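Observations on the three-dimensional arrangement
Read off the chains here:
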Amino acid sequence: MDKELVVVIDFGGQYNQLVARRVRECNVYCEIYSYKTDLAKIKEMNPRGIILTGGPSSCYEEGAALCSKELFELGIPVLGLCYGAQLMMHVLGGRVEKAPVREYGKTEVHVDTNSALFTDVTPDTVCWMSHFDYISALAPGFKMVASTADCPVAAAECVERKLYAIQFHPEVLHTVDGSKMLYNFVRNICGCSGDWRMDSFVEESIKAIREKVGGGKVLLALSGGVDSSVAAGLLSRAIGKQLTCVFVDHGLLRKNEGDEVEAVFGSGGQFDLNFVRVNAQERYYGRLAGVTEPESKRKIIGEEFIRVFEEEAKKIGAVDFLAQGTIYPDVVESGLGGESAVIKSHHNVGGLPDYVDFREIIEPLRNLFKDEVRKAGLELGIPEKLVFRQPFPGPGLGIRIIGEITAEKVRIVQDADAIYREEIAKAGLDKTIGQYFAALTNMRSVGVMGDERTYDYAVALRAVNTVDFMTAEIAEIPYEVLQKVMSRIINEVRGVNRVFYDLTSKPPGTIEFE
Ligand code: XMP
């Protein structure tokens, strides 16, 4: 039986991966192709449906990203979104013009619930609009099925030809019933059964990796973070020992983390691969001795990583592929859409390593969002502890220690952080707080313990909730939990006599504590 596939045609819009993600959420497999892809190739794939995305062009201008009329004559249901909707009208004989009023943001839309697109959608619903052109005349055979105060055609359909056009963006969460609309299209109009699951992604990726890599060698820098771990798991399942993972323990990881990564990926673990652990702790501490300025610390940690990785890469020799755990939000952050795809340099590595002798980059998670990466990780059998790890910066505890970094300070912050995390988990708060960790201030002060005077460090506890990591609010942790953490840290961690709770939001603070 043919695999059920929906093809998303990319016209360069900013939400294209989001469209794909929403389709996957309907348990329907989809792939994104550039608008330049040959129609014959698309036809060959025999998709159940085609979605045309938004894009920056004006379809009536010279040089616009276009598609052929035949695309709409294949008998395959087509849904045009935003620019895709305008293009459908333009190509089929309607008219698209500059709108007298540019619509942007949340907009009330009145929809015709008799349209199959809007089954179960509230008649007056909020949608996300972002357009400067509008459909001023429908193409022959089309019927208007949604409108707004400023936009006479917010959606249109030609049921006989299975063609649908939506001016707004159902893929964006601000469109309250957007997921329902996409569900209506892929499941009801295209008739997809919805039997696709994340395990299919894993299987398909394994197949694709095997095809691409052939008998070649692959090198991956494994940090132990979610993304590189899932990439390692996937590659290992696909090509086994053709994969070498280099894991640099810079001595700035959380307590026991190096051993935990080794237990999963090292020999005796569940994955078949060459695992190289480099214990570079002393080397890092040596380079960081006496350095107090935060940016200098970051720079040294980054440079040292390159040196260590370079040395290991030289030992391994030429490889065919350099693998990276880039995920979709990384691609977006670097301002790269599918239509303008360039390879992203890992922000912790500081540029593509030209010292590694490789032929090509391989990024098996490039199209996935974080929660999808996690699902894939669980599918691969990577332990939950690793899969649900909170964000941990590349420079590690190096940016959670104020002032000079020493082995002693690393020990203090590791121990305090382990207690903090344990108590947060015990209190059942670990899944609700965005990011939380202990940091070490550079302040020592007088205290008294037993009958003795102490002169020790103050630990800072941080806990924030954030949607996008650009801004953050502090998380409210019950007093008794904080009290418990405080007393355990003071009692169990040598060298600490005070515990502070950081109340600062971002801005003005940052999430990290450096
Ligand atoms: P800030 O401190 O800038 O942190 O508010 C925002 C988010 O980014 C993480 N972060 C980093 N992640 N390498 C990383 O991989 C880094 O150098 C780095 N610096 C900050 C931080 O943990 C938070 O989630």
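Residues numbered from 1 in each chain as written. Predicted model: local features only at pLDDT ≥ 70, side-chain atom pairs only at ≥ 80, totals over all residues. Heavy atoms only, no water.

Remarks on the overall build of the protein
Regarding its fold elements, the protein presents 14 helices and 18 strands. Its C-alpha atoms give the protein principal-axis dimensions of roughly 90 × 55 × 40 Å. Taken over 514 residues, the protein has a buried fraction of 54%. Across the protein, every contact between residues at least 6 apart in sequence was considered, and the portion connecting residues at least 24 apart equals 73%. Summed over all atoms, the accessible surface of the protein reaches about 22600 Å², with 50% contributed by carbon and sulfur. (Helix = DSSP H or I, 4+ residues; strand = E, 2+ residues; numbered from the N terminus. Buried < 20%, exposed > 50% of the residue type's maximum accessible area, 1.4 Å probe, protein only. Contact = heavy atoms within 4.5 Å. Areas by Shrake-Rupley, 256 points an atom, 1.4 Å probe, with all protein chains shown as cover.)

Some words on the sheet that holds strand E7 (residues 143-147)
Here nine strands make up an open sheet; going across it, the order is E2-E1-E3-E4-E9-E8-E7-E5-E6 and the pairing mixed. Every interior strand has two partners, whereas the edge strands, strand E2 (29-34) and strand E6 (124-137), have only one. Within the sheet, the average angular offset between the axes of one strand and its neighbour, ignoring direction, is 20 degrees. Across four bridges, the pairing between strand E1 (residues 5-10) and strand E3 (residues 49-52) is parallel. Bridged to Val6 within E3 is Gly49. (Pairing = 2+ DSSP bridges. Axes fitted to C-alpha atoms, helices over the stretch in contact; angles between N-to-C directions.)

Thoughts on the packing of aromatic side chains
Two numbers describe a pair of aromatic rings. These are the distance of the centres and the angle of the planes. This model, assessed by the stated rule, comprises ten aromatic pairs. Pairing Tyr164 with Phe185 gives two aromatic rings, centres 6.3 Å apart and planes at 70 degrees, and the pair type is edge-to-face. Remark: Phe185 occurs in helix H4 (residues 178-189) and Tyr164 occurs in strand E9 (residues 163-166); sequence separation between them is 21 residues. Residue Phe185 is classed as buried on the basis of its relative accessible area, which comes to 0%. Taken together, a centroid distance of 5.3 Å and an interplanar angle of 20 degrees make the contact between Phe265 and Phe271 stacked. (Phe/Tyr/Trp six-rings, centres within 6.5 Å; stacked < 30°, edge-to-face > 60°.)

Section: the sheet that holds strand E11 (residues 243-249)
A sheet is described by the order of its strands in space; here five strands give the open sequence E12-E11-E10-E13-E14, paired in parallel fashion. On the outer flanks of this sheet lie strand E12 (274-279) and strand E14 (360-362), each paired with one strand and no other. Here the average twist between neighbouring strands, direction ignored, is 25 degrees. In terms of strand pairing, strand E10 (residues 218-222) meets E11 through five bridges, oriented parallel. The residue of E11 that forms the bridge with Val218 is Leu243. Lying on the sheet, helix H9 (residues 294-316) is in contact with E10, E11, E12 and strand E13 (321-323); it crosses E11 at an angle near 150 degrees.

Things to note about helix H5 (residues 198-213)
With 16 residues, H5 should cover 22 Å at 1.5 Å per step; its first-to-last C-alpha distance of 22 Å lies within 8% of that length. Among all positions in H5, only Met198, Ser200, Phe201, Val202, Ser205, Ile206, Ile209 and Val213 are buried. As for H5, its buried residues are in contact with E10, helix H6 (226-239), E13, E14 and helix H11 (370-379). At the C-terminal side of H5, Gly214 shows a positive phi close to 55 degrees. (Expected span 1.5 Å × (residues − 1).)

Overview of the side chain of Lys297
Take Lys297: it is sitting in helix H9. We note that Lys297 is buried and unpaired, the nearest opposite charge coming from Glu514 at a distance of 7.2 Å. (Lys, Arg positive; Asp, Glu negative; His and termini not counted. Salt bridge = Lys/Arg side-chain N within 4 Å of Asp/Glu carboxyl O.)

Remarks on the domain arrangement of the protein
Each domain of the protein was delimited in the assignment, giving domain 1 (5-189), domain 2 (198-387) and domain 3 (400-501). In this structure, domain 1 and domain 2 have C-alpha centres spaced 37 Å apart. If you look at the interface, domain 1 gives eleven residues, while domain 2 gives nine residues. The contact between domain 1 and domain 2 buries some 880 Å² in all, and 45% of this surface belongs to carbon and sulfur atoms. Three residues, Gln17, Arg21 and Arg24, lead the burial of domain 1 against domain 2; their summed loss comes to 58% of the area buried on that side. If you list the elements that add at least two residues to the side of domain 1 that touches domain 2, you get helix H1 (16-25) and E2. The leading source of residues in the side of domain 1 that touches domain 2 is H1, at four residues. (Domains from an automatic or database assignment. Buried area = accessible area lost by both parts, 1.4 Å probe.)

A closer look at the site of the ligand
As a structural note, the neighbourhood of the ligand is formed by 14 residues, with Arg298, Gln435, Lys506, Ile511 and Glu512 the closest of them. Lys506 is positioned such that a nitrogen or oxygen atom in its side chain is 2.6 Å from an oxygen atom of the ligand. Bound to the protein, the ligand loses 79% of the 490 Å² it would expose on its own. Residue classes in the shell around the ligand are distributed as six nonpolar, five polar and three charged. (Near = heavy atom within 4 Å. Polar contact = N/O pair within 3.5 Å; in protein donor to acceptor, adjacent residues only side chain to side chain. Nonpolar A, V, L, I, M, F, W, Y, C, P; charged D, E, K, R; others polar.)

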